[in-house]
Amino acid sequence: MPDRDDDASTTPSGTSAAPIPPGAPALRTLLELSLPAVLIGIVAAVVLWALDQASAAVEDVLWTDLPGALGVDPDARWWIFAMLTGAGLLVGLVVWLVPGHGGRDSATTELIAPPLPLRVLPSLVIVTVLGLAGGVSLGPENPIIAINTALLVAVVARLWPKVPTDLVVMLAASATIGALFGTPVAAALVFTGVVAGFRSGGPLFDRLFLPLVSAGAGAITMDAIGRPFAAMDLPDLGIPDIGDVGISLLIATAAAGLALLGVVAFPHVHRFFHSMRNPVLYVTLGGVVLGVLGAIGGPLTLFKGSEQSFELVQQRADFSTWNLVLIFAIKLVALVVAAAAGFRGGRIFPAVFIGVAAGVTVNAALPGIPLGLSIASGVLGVVLAVGRDGWVALFVAVAVVGDVGVLPLLCIAILPVWLLVRSAPEMLAAPEPPTAVAAGGSTPAGEGRPAPTDEPRPDAS
């Protein structure tokens, strides 16, 4: 940050206070940047809300209005297959032909990445809405962070050109995470690890201050206009005992181990789909596979999984233990396929559903195990294996069940789970080379040069 307080401060009594460490931002700097941080949080939440509304509107057309007009059951297996196959075809066409090509492949990028050019955003919005509305097993987190980052970097560069781009990227991502979960706590946990790696000194909270301002503004805005992340209405655990510690540890470790099967398979599945080169082929094939999985698993295994997690818990008595095992397996495979086949989306929300399914399955097989503890432990294991972030896994696991009483148990259970997860590969694939040759010898969108590194293009030979 531009200014620092290097002089020792003085208390009202005249005694000398401890000097502010080198690298700590000046009070004036924090105050001056607080206004941009608040505005970034508000804009990020509004954009997220708009994307959510657009996806919901298209979803209503595909899954309510259209089947109602045709007199068909939207839960019919053939309709599920047709919708997901159609979503794959449309996303593939956009990635191939529309300028911007849907932005970066979500399978190859971290949650926070360098800003995209503005020209990429229309295609990224289209493929994100198509995936969310079409029932694809991915969440909105990666695309919406990329959209907000690109927009806000461009806006801030005009209004406050002295604000560093890297800081705007942090604030935009923090604001979006705060809006997604309806609280700045999630962003604080994510960015604690990020800012801890910075070379600059100063108290940790000084470096977290502006991201928290943006996250708080984003969370408050989303609470006012949108549908924030909500907890399940489950009985509280109460006072845990030593047996609960063992239960949580076993469930979380088993859930993480099963999720790691998908993580290990992920780069190989990604390589298989992308070996077809043309996105119309590999994304459509991904839609076909997702359609088959959805037809087998039913409506609960579709979409990002947030609403479906609540439905699964409410309807758990309607499923046998083996039905629940099937739902868990189908959603895990669907997540791997959706992320590997070129759809744009995040992996945290479907991972939460998979963890909920794991917890409900254990509770169905062993009804004496508290449901909230079982679900929280399952979510902890799966989210940690998929997202590779212990803070996020702990936060989401507690937030889903809405019972802070499980937190001490999860803090113990996460330790052996982390030892299992840390040596496994991350759920990321190698990026595609930035070259593209379209069918018939011309490049996509009529451009005759390789794509720049910030706008990778799919191969389409």
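A brief structural summary.

The rules behind the values
Residues numbered from 1 in each chain as written. Predicted model: local features only at pLDDT ≥ 70, side-chain atom pairs only at ≥ 80, totals over all residues. Heavy atoms only, no water. Axes fitted to C-alpha atoms, helices over the stretch in contact; angles between N-to-C directions. Helix = DSSP H or I, 4+ residues; strand = E, 2+ residues; numbered from the N terminus. Parallel < 35°, antiparallel > 145°, perpendicular 65-115°, else oblique. Left-handed = near helix turned anticlockwise from the far one by under 90°. Contact = heavy atoms within 4.5 Å. Nonpolar A, V, L, I, M, F, W, Y, C, P; charged D, E, K, R; others polar. Phe/Tyr/Trp six-rings, centres within 6.5 Å; stacked < 30°, edge-to-face > 60°. Buried < 20%, exposed > 50% of the residue type's maximum accessible area, 1.4 Å probe, protein only. Lys NZ or Arg CZ within 6 Å of the ring centre and 35° of its normal.

It is the contact of helix α1 (residues 27-70) with helix α3 (residues 121-134), at a shortest axis distance of 8 Å, that shows an interaxial angle of 50°. As far as their axial angle goes, α3 and α1 are oblique. Our pair here, α1 against α3, has a crossing hand that is right-handed. Between α1 and α3, the residues in contact are Leu 51, Ala 54, Ser 55, Val 58, Glu 59, Leu 62 and Trp 63 and Val 125, Thr 128, Val 129, Leu 132, Ala 133 and Gly 134, respectively. When the residues that make up the contact of α1 with α3 are grouped by side-chain class, the tally is 9 nonpolar, 3 polar and 1 charged.

A few words on the packing of aromatic side chains. Within this structure, the stated rule accounts for 5 aromatic pairs. Taking the centre distance of 5.5 Å and the plane angle of 85° together, the rings of Trp 78 and Trp 79 count as edge-to-face. A relative accessible area of 52% places Trp 78 in the exposed class. Taking the centre distance of 6.0 Å and the plane angle of 10° together, the rings of Phe 181 and Phe 349 count as stacked. Of this pair, Phe 181 sits in helix α5 (residues 165-181) while Phe 349 sits in helix α12 (residues 348-365), and the two are 168 residues apart along the sequence. Residue classification places Phe 181 among the buried positions, given a relative accessible area of 12%. Given a relative accessible area of 7%, Phe 349 falls into the buried group. Positioned above the aromatic ring of Phe 349 is the side chain of Lys 304, whose terminal nitrogen or guanidinium carbon lies 5.4 Å from the ring centre. Lying over the aromatic face of Phe 353, Lys 331 brings its terminal NZ or CZ to 5.4 Å of the ring centre.

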